Amino acid sequence: MKVLVIGGGAREHALCRSLSLDPEVTALYCAPGNAGIAEVAELHPVDALDGDAVARLATELGAGLVVVGPEAPLVAGVADAVRAAGIPCFGPSGEAARLEGSKAFAKDVMAGAGVPTARSYVCTTPAEIDEALDAFGAPYVVKDDGLAAGKGVVVTEDVEAARAHALSCDRVVIEEFLDGPEVSLFAITDGTTVLPLQPAQDFKRALDGDEGPNTGGMGAYSPLPWADPKLVDEVLDTVLQPTVDELRRRGTPFSGLLYAGLAITSRGVRVIEFNARFGDPETQVVLARLKTPLAGVLLASAEGTLDELPPLKWRDDAAVTVVIASHNYPGTPRTGDPIDGLAEVAAQDAPDAYVLHAGTRAEGDEVLSAGGRVLSVTATGKDLAEARERAYTALGRIRLDGSQHRTDIALKAAGG
């Protein structure tokens, strides 16, 4: 099978790494990719938001499967264009991807499916915003209705900060605060059958101790030693399957990756948000633990044959990933800085630890930073403590001027 992956971040590097290890994959392409992905896949330039251009490229390459990584191309309908060209595509239609593209649409689907979530108001005027903020009180949870690359959510005790964020959005969802730890659970679906993956936890805040501004994610780990062993089955029954069934009932079947961001509250599991694609950085740890070759699972989703697959196999190992971010992230990041130490990690830490590239580009023999989140240092071990130690040992070999990372990823879960 020839596979084309669309995107250029650490999520796509994780996908490409897993696909490159799959004996069924005879050729692997990525567009546009990055400096790290270039080591495992052939890169091609493409406008990832242009469905026709992606479909043309897939046709030229003779791809038997296209995997769309990021949310923006999915919401733009890129998967529809690929399928219209007769090529199997892993990723929901533009219509179904509204589950991530519009918080209000997601709330409506959850209401129809009877899925437990936070109470909320959709607001478009200053008066509605004030009314909603007053109704819920602090802490305030304010979400941009549209896509915002993981940074459209403000959770604050400060009503003025909440109001300012709400006023900066065209349409905003204001909802009650959900207490309890957060969990990310991915499921692969073909629109009927739902195949949950192993849960992970990510770290959204920029600084240690969950301080600082929200980011796209600064690290993640899996498994979750503190979680109820029945959690996955419960979420499948109460959240994932009902949502997929509701979308099919509405005539907008969802096939691809359904990502449930969950709060394990004192009143039970509640959905914080849905995403329509693999999450970053949770993908890095979930795929590190997946034993079943990836390409066949993604193809079965694209072709509607997930019910014919044997159960997924998982490694007993734990996995931890730590994000190295640019100076000033999540503000306007500094880019163009050289990255050193990548060869040292490959020589001294592989295969237990490795580096997945997010925002990088190659210039001659040098690898330079080219985004806010630059690298995901990922490691596995017999338990979280060992995986964590390996990740931070490898991270210590990397040099990027002005970079930042959290030092407490998986610390509490590892017993630290």
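Refer to the structure above for everything that follows.
The text that follows walks through the structure, step by step, so that each part is easy to find. Residue positions are given per chain, counted from 1 along the sequence in the order it is written. Reporting of local features is limited, given that this is a predicted model, to residues whose pLDDT is at least 70; pairs of side-chain atoms are given and counted only at 80 or more, and all residues count toward the totals for whole chains, interfaces and linings. Based on all heavy atoms of the structure, the side-chain values leave hydrogens and waters out of the count.

Along the backbone of the protein there are 13 helices and 24 strands. A globule of 416 residues ought to have a C-alpha radius of gyration of about 22 Å, and the protein, at 20 Å, matches this closely. Overall size of the protein, expressed as C-alpha extent along the three principal axes, is 55 × 45 × 40 Å. Categorising residues by exposure relies on relative accessible area from a 1.4 Å probe, with only protein chains included: less than 20% of the type maximum marks a residue as buried, more than 50% marks it as exposed, and the intermediate range marks it as partly exposed. Each of the 416 residues in the protein was classed as buried or not, and the buried ones make up 57%. Note on areas: Shrake-Rupley with a 1.4 Å probe; residue coverage comes only from the protein chains shown. Looking at the protein as shown, the accessible area adds up to about 16,400 Å², and 49% of this sits on carbon and sulfur atoms. For helices the rule is a DSSP run of H or I covering at least 4 residues; for strands it is a run of E covering at least 2, with both sets numbered from the N terminus onward. Every radius of gyration here is taken over C-alpha atoms, with the globule rule written as 2.2 Å times N^0.38, N being the number of residues.

Aromatic rings from Phe, Tyr and Trp, taking only the six-membered ring of Trp, are treated as a pair when their centres fall within 6.5 Å; an angle between ring planes under 30 degrees marks them as stacked, one over 60 as edge-to-face, and anything in between as tilted. The tally for this structure, following the rule as stated, stands at 5 aromatic pairs. Relative to Tyr259, the ring of Phe186 lies with its centre 5.1 Å away and its plane at 35 degrees, an arrangement referred to as tilted. Within this pair, whereas Phe186 is found in strand β10 (residues 182-189), its partner Tyr259 is found in strand β16 (residues 256-265), the two being separated by 73 residues in sequence. For the residue pair Phe186 and Tyr259, the accessibility class agrees, reading buried in each case. Ring geometry for Phe203 and Tyr221: centres 6.0 Å apart, planes at 45 degrees, overall tilted. Pair noted here: Phe203 is in the loop between β12 (201-202) and β13 (205-207) and Tyr221 is in strand β15 (residues 219-222), with a separation of 18 residues, a long-range link. Three or more aromatic residues joined by ring pairs form one cluster here, namely Phe90, Phe186, Tyr259 and Phe278. The ring centre of Phe105 lies 4.2 Å from the NZ or CZ of Arg98, which sits over that ring. Only lysine NZ and arginine CZ atoms are considered, and such an atom sits over a ring when it is within 6 Å of the ring centre and within 35 degrees of the ring normal.

Each pair of packed helices can be described by the angle between their axes along with the distance between the axes. At a closest axis distance of 9 Å, the pairing of helix α6 (residues 103-113) and helix α9 (residues 231-249) adopts a crossing angle of 100 degrees. Relative to α9, α6 is oriented roughly perpendicular. Two secondary-structure elements touch here, α6 through Phe105, Val109, Gly112 and Ala113 and α9 through Pro242, Thr243, Glu246 and Leu247. Helix axes use the C-alpha atoms of the stretch in contact, all axes being lines fitted to C-alpha atoms, and the angles between their N-to-C directions lie in the range 0 to 180 degrees. If an angle is under 35 degrees, it is roughly parallel; if it is over 145, roughly antiparallel; if it lies from 65 to 115, roughly perpendicular; otherwise it is oblique. Whether two residues touch is decided by their heavy atoms; if any such pair falls within 4.5 Å, the residues are in contact.

So, about the nonpolar core. We call a set of buried residues a nonpolar core when its members are Ala, Val, Leu, Ile, Met, Phe, Trp, Tyr or Cys and they connect through side-chain atoms within 4.5 Å of each other. Ranked by internal contacts, the top residues of the largest apolar core, which has 78 residues, are Leu4, Val66, Leu99, Leu240, Val320 and Ile398. No other element matches the 8 residues that α9 contributes to this core. Counting 40 residues, the second-largest nonpolar core is a separate cluster that includes Ile37, Ala220, Leu257 and Ala295.

DSSP bridges decide pairing: two strands pair if at least two such bridges lie between them. The strand order across the open sheet formed by 5 strands is β12-β15-β18-β23-β20, and the pairing between neighbours is antiparallel. Of all strands in the sheet, those bounded by a partner on one side alone are β12 and β20 (353-357). Note: β12 against β15, 2 bridges, orientation antiparallel. Across the sheet, Gln201 pairs through a bridge with Tyr221, a residue of β15. Contacts from helix α1 (residues 10-20) reach β20 and β23 (373-381) within the one sheet, and its direction differs from that of β20 by about 125 degrees. Packed on one face of the sheet, helix α13 (residues 384-395) meets β15, β18 (318-325), β20 and β23 and runs near 30 degrees to β18.

Cis geometry marks the peptide bond from Asp280 to Pro281; its omega dihedral reads 25 degrees. Along the chain, Pro281 falls in the loop between β17 (268-275) and α10 (282-289). Following Ala350, the chain continues to Pro351 via a peptide bond in cis, the omega torsion being 0 degrees. Notably, Asn328 is not glycine yet its phi reads approximately 80 degrees, a positive angle.

What follows deals with α6. Along α6, the residues classified as buried are Lys103, Ala104, Phe105, Ala106, Lys107, Val109 and Met110. Buried residues belonging to α6 abut α5 (98-101), β6 (120-123), β7 (140-144), β9 (172-175), α9 and β17. Positive backbone phi, at 70 degrees, marks Gly114, one or two positions downstream of α6.

Before going further, it helps to spend a moment on the environment of Glu366. Structurally, Glu366 is set in strand β22 (residues 366-369). For Glu366 and Ala81, which are 285 residues apart along the polypeptide, the C-alpha to C-alpha distance reads 36 Å. Look past the residues within four positions of Glu366 in its chain and what remains in contact with it is Pro338 and Arg361.

Here we take up the pattern of salt bridges. Criterion for a salt bridge: a side-chain nitrogen of Lys or Arg within 4 Å of a carboxyl oxygen of Asp or Glu. One pass over the structure, following the stated rule, counts 29 salt bridges. Arg249 serves as the salt-bridge partner of Glu246, at 2.8 Å between the closest nitrogen and oxygen. A residue pair is termed a helical-turn pair when its members lie 3 or 4 positions apart in one helix, as Glu246 and Arg249 do in helix α9 at 3 residues. What emerges from the salt-bridge pattern is a single network uniting Arg11, Glu12, Glu71, Glu100 and Arg277.

In terms of residue burial, β20 counts as a mostly covered element, since 5 of its 5 residues are buried. With burial as the criterion, each face of β20 is covered, one bearing Ala353, Val355 and His357 and the other bearing Tyr354 and Leu356. One ladder, built from 5 bridges, connects β20 with β23; its direction is antiparallel. Note on β23: the bridge partner recorded for Ala353 is Ala379.

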